[in-house]
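Residue-level structure breakdown
The primary structure of each chain is shown beneath.
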Amino acid sequence: MTISRHQSKTLPPAPPVGEPSSPADQALASPQKALHLVTFGCQMNKYDSERVEGRFRKAGYALTGDIGAADVVLFNTCSVRDHAEERVWSWLGDLKRQKSARPDLVVGVMGCMAQRLEREIFQRAQHVDLVVGTRAFQHLPEMVETVLGERTKARHERAQPLSLVGMDENPDGDREGEPYTGGPIGYLAIMRGCDLNCTFCIVPNVRGRVLSRSIDELEREARWMVERGAKVLVLLGQTVNSYGEDLPAPEHGSKGRGRQGRPSLADLLYRLQAIEGLVRIRLITLHPAYVTRELAIALAENDKCERFLPLPVQSGSDAVLRAMKRGYTLDLYRNKLALLRQYLPDLELATDWIVGFPGETDADFEASEEFLSEAGFAVNYIFKYSPRPGTRADLLPDDVSEDDKKSRNLRLLERAQRVQRERLAAQLGNVQHVFLEEVSDKSPARAKGKTRQGLLFVVDCGTAEKAQAMLGTLVEAVVEQASAFGLSGRLAQDVEPAGASHV
Ligand code: SAH
Ligand code: F3S
């Protein structure tokens, strides 16, 4: 671990799990300070924010939604596209006034942007006190104390900013002694980083190489979450199906289902399936190259696994896929889909697309449109190519004009909506098992949830009380309407039996 400021110094390690809190923690505990935490970007960031919140709560902090009442403001940031970073700069700009009015406020930036731009953040936003990278956030409570201590020493003058962006630690570990704040949908990072090098992608730079957590540690955390109310576990990683590739192959004893007997995602799924009280297992995100028969079988044999997989394709053109160094051709992707559907005939898929990658011709783009229809993706996330400094694609000319990127984006969105509408309309009349997650903003008698195939379903529960009481449970509902974005209908018990088919 390196801390950079004027001189290098090492922070004390994070307190060991389950031990009584240190005197420093007790000092933190009184009087109670408040943390305001703003999270940008993906689910992995949401998980990291939960972990940070847990650490601060353990150190005696409360969480506040009111930035004006906060002692510490933290931004958990995203670098995946330029737009994501611009939003953070704008928030940081807004915070400048708060900070000049309340110089005692501690302002920190964590996550991918912190990792990528460490020094630039201090230069451009001089009111930032702390910059903490993607594998060092476990130290944040102690770092805040260090900043406050330095300020006291310097008689409230501005303390030197502090940064921690080393990649040589695992930020996870046990959560004993921390409160669980995740609710019924529990995020769980099963691995960190990515070993692939798609030419457009900044993630390997900012999140480092793959580090899989052990199956035992993950099972412990999963049980800890389920005991505290998690019903759905969302297993997170950049390529969750490469889980275990970096773990050692066992020399003897029980072998895993991975390469040379290594533990794999399939093994983890069998382990988690056995957890009593757990209702569903969701995966985000898979990579086509690591789809194996063992995984397809494990998904089919473990009925808690959703019949829904995010499997980003990015483009329908082999030339573009090659330039992206995605590691598959369209035919290989087709074969992986066929393999998955052989074992999971009711599988639905989500995918990501990039339009306007350098060199993408009209014909390349049309191949994406065609493949979207051919594969029948139920959910499509479409992004305009955004050059990221430090990636290999950034060395290529960004030669698709902004106008073309915009119109391709729109065209692909239209195609996606058409395909999604057809795909979802096929569910009309079916009975679905829906796990209800939250009350609809539009009507308190309706609750939103997901089907086992990952499709959004708004269920009319009859009354607001019923909707509220059904949150966090599985209900049976009849699909009465379908749009491009989701299904809606009533509880099966409220509908006259008319020979609806069961899904
Ligand atoms: N690990 C995932 C993706 C991580 S980033 C995978 O295996 O694909 C999430 C999505 O953002 C990507 O799938 C891609 O579609 C999009 N994305 C990443 N870098 C981008 C860039 N430079 N410009 C536009 N979109 C990008
Ligand atoms: Fe990025 Fe490709 Fe990994 S999109 S996260 S480098 S699989």
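Just above, that's the structure.
Rules behind the numbers
What you see as residue numbers is a count from 1 along each chain, following the sequence as written. All chains are assigned letters beginning at A, and all ligands numbers beginning at 1, according to the order in which they are written. pLDDT decides what is reported in this predicted model: residues at 70 or higher carry local features, side-chain atom pairs at 80 or more are listed and counted, and totals for whole chains, interfaces and linings draw on all residues regardless. For side-chain calculations, the full set of non-hydrogen atoms in the structure is used, while hydrogens and water are omitted. We call a set of buried residues a nonpolar core when its members are Ala, Val, Leu, Ile, Met, Phe, Trp, Tyr or Cys and they connect through side-chain atoms within 4.5 Å of each other. Think of it in three bands: residues with accessible area under 20% of the maximum for their type are buried, residues over 50% are exposed, and the middle band is partly exposed, with areas taken using a 1.4 Å probe on protein chains only. Under the DSSP-based scheme used, a helix requires at least four consecutive residues in state H or I and a strand at least two consecutive residues in state E, with every element numbered from the N terminus. For this analysis, residues touch if any pair of their heavy atoms sits within 4.5 Å. Inter-axis angles, ranging from 0 to 180 degrees, are taken between N-to-C directions of lines fitted to C-alpha atoms, where helices are fitted over the stretch in contact. Left-handed is the label given to a crossing in which the near helix is rotated counterclockwise from the far helix by less than a right angle, and right-handed is the label when the rotation is clockwise. Just so you know the grouping, Ala, Val, Leu, Ile, Met, Phe, Trp, Tyr, Cys and Pro go in nonpolar, Asp, Glu, Lys and Arg go in charged, and all remaining residues, Gly too, go in polar. A cutoff of 4 Å decides nearness: a residue is near a molecule or strand if any of its heavy atoms lies inside that distance of it. The definition of a polar contact used here is a pair of N or O atoms within 3.5 Å, where within protein one atom must be able to donate a hydrogen and the other to accept one, and adjacent residues in sequence count solely through side-chain atom pairs. Note on areas: these come from Shrake-Rupley sampling with a 1.4 Å probe, and a residue is covered only by the protein chains present in the view. Any two strands with at least two DSSP bridges between them are considered paired. Call a crossover right-handed when, viewed with both strands pointing away from you, the route from the first strand across the helix to the second goes clockwise. Working definition: a disulfide is two cysteine sulfur atoms within 2.5 Å of each other. What a helix should span is 1.5 Å times the count of its residues minus one. Stacked, edge-to-face and tilted are the three classes for Phe, Tyr and Trp ring pairs, Trp counted by its six-membered ring, which pair at centre distances within 6.5 Å; planes under 30 degrees apart are stacked, over 60 edge-to-face, the rest tilted.

1. Considerations on the nonpolar core
Judged by nonpolar contacts, the single largest core of 67 residues is most densely connected at Ile-190, Leu-235, Leu-265, Leu-269 and Leu-283. Sort the elements by how many residues they give to this core and helix H7 (residues 215-227) lands first, with six residues. Excluding residues that lie within four positions of it along the chain, Leu-283 makes contacts with Leu-235, Val-240, Leu-265, Leu-269, Leu-299, Leu-309 and Pro-310. In this structure, Ala-70, Ala-84, Trp-89 and Ile-121 belong to the second largest nonpolar core, which totals 23 residues.

2. A few points about the packing of helix H3 (residues 82-101) against helix H4 (residues 112-124)
Interaxial distance between H3 and H4 falls to 13 Å at its minimum, and their mutual angle equals 35°. Read as a crossing pair, H3 and H4 show a hand that is right-handed. Contacts between H3 and H4 involve Glu-85, Val-88 and Trp-89 from the former and Met-113, Arg-116, Leu-117, Glu-120, Ile-121 and Arg-124 from the latter. Each residue belonging to the contact of H3 with H4 can be placed in one class, and the counts come to five nonpolar, no polar and four charged.

3. Topic: the side chain of Ser-264
If you trace the backbone, Ser-264 turns up in the loop between strand S11 (232-236) and helix H8 (265-273). Leave out the neighbours within four places in its chain, and Ser-264 touches Ile-215, Tyr-243, Arg-257 and Gly-258.

4. Overview of the site of ligand 1
Residues in close proximity to ligand 1 total 14 residues, the closest being Arg-81, Gln-238, Gln-314, Asp-352 and Ser-386. Within the side chain of Arg-81, an N or O atom sits 2.9 Å from an oxygen atom of ligand 1. The separation between an oxygen atom of ligand 1 and a polar side-chain atom of Arg-326 is 3.4 Å. Coverage of ligand 1 by the protein chains reaches 91% of its 540 Å² of free accessible surface. Of all the secondary structure elements, the ones that give two or more residues to the shell around ligand 1 are strand S14 (348-355) and strand S15 (379-384). Among the residues making up the shell around ligand 1, the classes are represented as six nonpolar, three polar and five charged.

5. Description of the pairing of strand S5 (residues 106-111)
With six of its six residues buried, S5 lies for the most part within the structure. Note: strand S4 (residues 72-77) against S5, six bridges, orientation parallel. Residue pairing for S5: Val-73 is matched across the bridge by Val-107. Each parallel crossover has a hand, and the one from S4 via H3 to S5 is right-handed. Bridge count for S5 against strand S6 (residues 130-132) is three bridges, and the pairing is parallel. Along S6, the bridge assignment pairs Gly-108 with Leu-130. Taken together, S5, H4 and S6 constitute a β-α-β crossover, and its handedness is right-handed.

6. Let's talk about the site of ligand 2
Contacts to ligand 2 come from Cys-194, Leu-196, Cys-198, Phe-200, Cys-201, Val-203, Pro-204, Gln-238, Thr-239, His-287 and Arg-326. In terms of residue class, the shell around ligand 2 is made up of seven nonpolar, three polar and one charged.

7. Notes on the sheet that holds strand S12 (residues 280-284)
Pairing is parallel across the open sheet formed by three strands, whose spatial order is S8-S11-S12. The sheet is open, and its two borders are formed by strand S8 (185-189) and S12, each paired with just one other strand. Across the sheet, the axes of successive neighbouring strands diverge by a mean angle of 25°, strand direction being ignored. Both S11 and S12 contribute to a ladder of five bridges, which runs parallel. The residue of S12 that forms the bridge with Leu-236 is Ile-284.

8. Details of the environment of Leu-491
Relative to the elements of secondary structure, Leu-491 occurs in strand S20 (residues 487-491). According to the relative accessible area criterion, Leu-491 is buried, its value standing at 1%. For the pair Leu-491 and Gln-432, spaced 59 residues apart in sequence, the C-alpha separation works out to 9.5 Å. Sequence-distant contacts of Leu-491, defined by excluding residues within four places in its chain, comprise Val-459, Asp-460, Cys-461, Lys-466, Met-470, Val-475, Glu-476 and Ala-477.

9. Structural notes on the state of the cysteines
Under the defined criterion, the tally for this structure stands at zero disulfides. Unpaired in this structure, Cys-42 has its nearest cysteine sulfur neighbour in Cys-78, at a distance of 6.4 Å.

10. A look at the side chain of Ser-242
Within the secondary structure, Ser-242 is located in the loop between S11 and H8. Its relative accessible area of 3% is what places Ser-242 among the buried residues. Not counting residues within four places of it along the chain, the set of residues in contact with Ser-242 comprises Met-191 and Tyr-290.

11. Describing helix H2 (residues 43-58)
Each full turn of the α-helix corresponds to 3.6 residues, which orients residues three or four apart in the same direction. Over its 16 residues, H2 extends 23 Å from the first C-alpha to the last, a length consistent with the 22 Å expected when each residue adds 1.5 Å. Within H2, 12 of the 16 residues are buried, which leaves it mostly tucked inside the rest of the structure. All of the buried residues along H2 are Met-44, Asn-45, Tyr-47, Asp-48, Ser-49, Glu-50, Arg-51, Val-52, Glu-53, Gly-54, Arg-55 and Phe-56. Looking at the residues trailing H2, positive phi occurs at Gly-60, about 100°.

12. Focus on the packing of aromatic side chains
This structure, assessed with the given rule, holds 12 aromatic pairs. With 5.6 Å between their ring centres and 85° between their planes, Tyr-333 and Phe-371 make a pair best called edge-to-face. Of this pair, Tyr-333 sits in helix H11 (residues 330-343) while Phe-371 sits in helix H12 (residues 362-375); the two residues are 38 residues apart in sequence, bridging distant segments of the chain. In this structure, Tyr-333 and Phe-371 share a single accessibility class: buried.

13. Considering the sheet that holds S14
Taken in spatial order, the three strands of this open sheet run S13-S14-S15, and their pairing is parallel. Both edges of this open sheet fall to strand S13 (308-310) and S15, since each of them pairs with a single strand only. Direction aside, neighbouring strands of the sheet carry axes that sit 15° apart on average. With six bridges joining them, S14 and S15 adopt parallel strand pairing. Bridging from a neighbouring strand, Thr-351 pairs with Asn-380 of S15.

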